[in-house]
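# Remarks on the overall topology
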Amino acid sequence: MRRNEMDASLWSRLAAQAKVLLFLALLSLAALAGALLWGSRPAPVVITIIPPPPTDTPMPTSTPGPLQVYVTGEVVNPQQTYALPAGSRVNDAIEAAGGPTDRADLSRINLAGFLRDGDQIHLPAVNEDESALPTPMGGAKVRINSATQAELEALPGIGPVTATRIINYREIEGTFVDLDALDAVSGIGPATLETLRDLVVFD
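In this report, we go over the structure that sits alongside the text. (Residues numbered from 1 in each chain as written. Predicted model: local features only at pLDDT ≥ 70, side-chain atom pairs only at ≥ 80, totals over all residues. Heavy atoms only, no water.)

## Observations concerning the overall build of the chain
For the chain, the helix and strand inventory stands at five helices and five strands. Counting from the amino terminus, the chain carries its helices and strands in the arrangement α-β-β-α-β-β-α-α-α-β. Across the chain, every contact between residues at least 6 apart in sequence was considered, and the portion connecting residues at least 24 apart equals 43%. Total accessible area on the chain is roughly 14000 Å²; 59% of this is exposed by carbon and sulfur atoms. (Helix = DSSP H or I, 4+ residues; strand = E, 2+ residues; numbered from the N terminus. Contact = heavy atoms within 4.5 Å. Areas by Shrake-Rupley, 256 points an atom, 1.4 Å probe, with all protein chains shown as cover.)

Structure representation (structure tokens):
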């Protein structure tokens with residue numbers, strides 16, 4: 001009987017060892033399969049975003065349209081309408097009309113005055129009666145307290161946004177008493193005020 005008990009105990013230990021070996025073999029197979037699966041994964045795709053090359057082409061900006069002015073008086077080609085770029089001066093209109101004649105009195109007109117769309121430029125003759133001169137004269141000053149949006153935009157340094165601010169300021173705060181009062185409008189600084197000094201009136 002003791003021999004049989006010993007044999008049974010031996011077989012029991014062998015069976016336990018076989019189970020352990022089988023478990024280890026299965027574990028090894030699972031690890032090997034996992035390693036093979038991991039190694040067979042495709043490489044990740046790297047996406048690189050390349051920005052467009054810089055360009056020297058500037059962004060589009062708002063450009064004022066040409067001015068239409070009517071030139072009369074002592075010019076070579078009077079009584080005609082001329083198209084001039086925004087920011088042009090009275091002298092540019094006279095030159096566009098062929099320049100002054102020998103009878104022109106250039107001292108009686110502001111050649112440096114800025115033009116506005118719709119202006120009439122009249123170059124008087126020497127000894128011409130001032131009461132006979134047409135109005136408005138070329139380079140006429142802008143009445144800040146009653147000027148329209150278009151009239152304000154014709155002034156140098158005053159764009160659509162600043163012109164609207166000037167009109168809004170007049171409606172809320174009242175009229176401007178002098179040039180320094182314009183400094184209260186956002187967008188108008190010392191340089192612009194100096195440019196406007198001989199171009200505007202406050203009445």
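## Structural notes on the sheet that holds strand β1 (residues 67–73)
Spatial strand order, β2-β1-β3: three strands in an open sheet with mixed pairing. Two strands lie at the open edges of the sheet, namely β2 (80–84) and β3 (120–123), each paired on one side alone. Neighbour-to-neighbour, the strand axes of this sheet turn through a mean angle of 30°, independent of strand direction. With five bridges joining them, β1 and β2 adopt antiparallel strand pairing. Paired with Q68 across the strands is A83, a residue of β2. (Pairing = 2+ DSSP bridges. Axes fitted to C-alpha atoms, helices over the stretch in contact; angles between N-to-C directions.)

## Description of the packing of aromatic side chains
Think of a pair of aromatic rings as described by two things: how far the centres are apart, and how the planes are tilted against each other in angle. Under the criterion given, the structure shown has one aromatic pair. With centroids separated by 4.9 Å and ring planes inclined at 15°, the aromatic side chains of Y169 and F176 adopt a geometry described as stacked. Judged by its relative accessible area of 25%, Y169 is partly exposed. The exposure class assigned to F176 is buried, which follows from its relative accessible area of 2%. (Phe/Tyr/Trp six-rings, centres within 6.5 Å; stacked < 30°, edge-to-face > 60°. Buried < 20%, exposed > 50% of the residue type's maximum accessible area, 1.4 Å probe, protein only.)

## Some remarks on the pattern of salt bridges
This structure, assessed with the given rule, holds three salt bridges. Here E194 and R197 are joined by a salt bridge, their closest N and O atoms 3.3 Å apart. Taking relative accessible area as the criterion, R197 reaches 43% and is therefore assigned partly exposed. (Salt bridge = Lys/Arg side-chain N within 4 Å of Asp/Glu carboxyl O.)

## A closer look at the side chain of Q120
Inspection of the secondary structure puts Q120 in strand β3. Judged by relative accessible area, Q120 falls into the buried class, the value being 17%. Within polar-contact distance, the side chain of Q120 engages the side chain of T72 at 3.2 Å. (Polar contact = N/O pair within 3.5 Å; in protein donor to acceptor, adjacent residues only side chain to side chain.)

## Here we look at unusual backbone geometry
At Q79, a residue that is not glycine, the phi angle is positive and equals roughly 55°. Within the secondary structure, Q79 is located in the loop between β1 and β2.

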